[in-house]
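If you want the building blocks of each chain, they are given just below.
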Amino acid sequence: MSHSDEKSFSVARTLFTGTVSGIVCKFVEQPFDTIKVRVQAGTKVMSPSGAMVPEFNGPWDCFVKTLRREGFTALYKGLPSPMIGSAMEVASMFVVYNAAKEALMDPETHHVSLPRVCLAGSIAGVATATFLTPVELIKCRLQVQTGGEAGHAAAGAAARGATPPAASAMSAAAAGGAQQQLRYRGTMHCIMHTLKTEGIPGLWRGWWSTFFRELVGTALWFGTYETVCRTLAADAGDASDAPPLIQLLAGGCAGCIYWGVPYPMDTVKSRIQIKQATEQTSIFKMFVEVLKEEGVRGLYRGIGPTMMRAIPGSAVALFTYERSSRFLDWLKEEKPHLCPSFF
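Residues numbered from 1 in each chain as written. Predicted model: local features only at pLDDT ≥ 70, side-chain atom pairs only at ≥ 80, totals over all residues. Heavy atoms only, no water.

**Regarding the overall build of the protein**
Part 1: Counting its secondary structure elements, the protein contains 14 helices and two strands.
Part 2: A separation of at least 24 residues holds for 77% of the contacts in the protein among residues at least 6 apart in sequence.
Part 3: Split by element, the accessible area of the protein, about 16400 Å² in all, is 67% carbon and sulfur. (Helix = DSSP H or I, 4+ residues; strand = E, 2+ residues; numbered from the N terminus. Contact = heavy atoms within 4.5 Å. Areas by Shrake-Rupley, 256 points an atom, 1.4 Å probe, with all protein chains shown as cover.)

**A few points about the packing of aromatic side chains**
Part 1: Taken as a whole and assessed by the stated rule, the structure comprises 15 aromatic pairs.
Part 2: On the basis of an interplanar angle of 70 degrees and a centroid distance of 5.0 Å, the ring pair of W221 and F222 is categorised as edge-to-face.
Part 3: Chaining the aromatic ring pairs together yields one cluster made of F94, Y97, W221, F222 and Y321. (Phe/Tyr/Trp six-rings, centres within 6.5 Å; stacked < 30°, edge-to-face > 60°.)

**A closer look at the packing of helix α3 (residues 80-104) against helix α9 (residues 207-232)**
Pairs of packed helices are described in terms of their axes, by the angle between the two and the distance that separates them.
Part 1: At a minimum axis distance of 13 Å, the contact between α3 and α9 shows a crossing angle of 70 degrees. Taken together, the axes of α3 and α9 lie roughly perpendicular to each other. α3 and α9 meet at a crossing whose hand is right-handed. Residues M93, F94, Y97 and K101 of α3 lie in contact with α9, whose contacting residues are T218, W221, F222 and E226.
Part 2: Residue composition of the contact of α3 with α9, by class: five nonpolar, one polar and two charged. (Axes fitted to C-alpha atoms, helices over the stretch in contact; angles between N-to-C directions. Parallel < 35°, antiparallel > 145°, perpendicular 65-115°, else oblique. Left-handed = near helix turned anticlockwise from the far one by under 90°. Nonpolar A, V, L, I, M, F, W, Y, C, P; charged D, E, K, R; others polar.)

**Examining helix α2 (residues 59-70)**
At 3.6 residues per turn, the α-helix brings residues three or four places apart onto the same side.
Part 1: Between its first and last C-alpha atoms α2 spans 16 Å; for 12 residues at 1.5 Å apiece the expected length is 16 Å, and the two agree.
Part 2: Every buried residue of α2 is listed here: D61, C62, K65, T66 and E70. Considered in projection along α2, the buried side chains sweep an arc of 130 degrees and stay on one side of the axis. Turned more than 90 degrees away from the buried face of α2, the exposed residues are W60 and R68. (Expected span 1.5 Å × (residues − 1). Buried < 20%, exposed > 50% of the residue type's maximum accessible area, 1.4 Å probe, protein only. Arc of directions from axis to C-beta.)

**Some words on the pattern of salt bridges**
Part 1: Throughout the structure, instances matching the rule amount to 21 salt bridges.
Part 2: Measuring nitrogen to oxygen at the nearest pair gives 2.9 Å for the salt bridge that ties E136 to R213. Residue E136 is located in helix α4 (residues 114-143), and its partner R213 is located in helix α9; the two are separated by 77 residues in the primary sequence.
Part 3: Accessibility expressed as a relative area gives 10% for E136, which makes it buried.
Part 4: Classification of R213 as buried rests on a relative accessible area of 1%.
Part 5: A salt bridge links E198 to R141; the nearest nitrogen and oxygen atoms lie 2.8 Å apart. In this pair, E198 sits in helix α8 (residues 187-198) while R141 sits in helix α4, placing the two residues 57 residues apart along the sequence. For the pair shown, E198 and R141 are each scored as buried. (Salt bridge = Lys/Arg side-chain N within 4 Å of Asp/Glu carboxyl O.)

Nothing here speaks to function; it is all geometry.
See below:
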């Protein structure tokens, strides 16, 4: 195989394995992510005493109320958008990361130092931030919607200018709340509504906060993964050669660091993205607003379910990528007739 063929195979393999990794990862993460976004949003409701209080008293309360009101499938609200986005994001991220790592590689030893691994990770994160922003915006807006089937019926009827029979059984306040909360009927409706009310730039609301989160987070993600693999499997030389259990452990550690360090920026991003066109804000204004209303604790709302999702999600993502890459390499070398030509 010529050098150009090798390069083509490497890119195609990375795109394929990154796509598979992104899909598997997002399916594992989505229920935890839904809880995280709902808790992060800090939605207020009126208590029996008339005071405005948080809708959820923590992740567990959010989980229980979501299941009770909307059923298990509500945990996968907005899944199509992030699953497709995750597949494309992870695939492109690994392509950029591998290219950056190769460019930063020592030409004599073919070794990439850990600081350069982090730099390559930052480059990959920044490259995917532009694509990731609209995907996360749609996901967040769908996830913060609450309400069961009656609420969906009320929202759908409101969009058509009619009042369903179920709405008459609700109190006026409950019906109004359902119609307000269930603004979107699905992924495509959310996209079209955003384009109609905010224009194309509206899909990129929260780009700067996504940029800063990815700049730091992705550097730490790849850096932590390589560090743990190189430390626990010194003879392997590279993370891709580490034993499966070490790859899973390293992936879990990487996920915790990725989310734990830049988490306040993610909270700011989520709150900016769920605001509507008439509610203009900035990173600094939102940061100050959260600190003023809820203190430092408010910046870490939803950190529990985020860490619970980070460990299995990141472990599965990196493990799937490494193992599927190795499998395709094996097919190419041992059974080339089974390996598609585009690989």
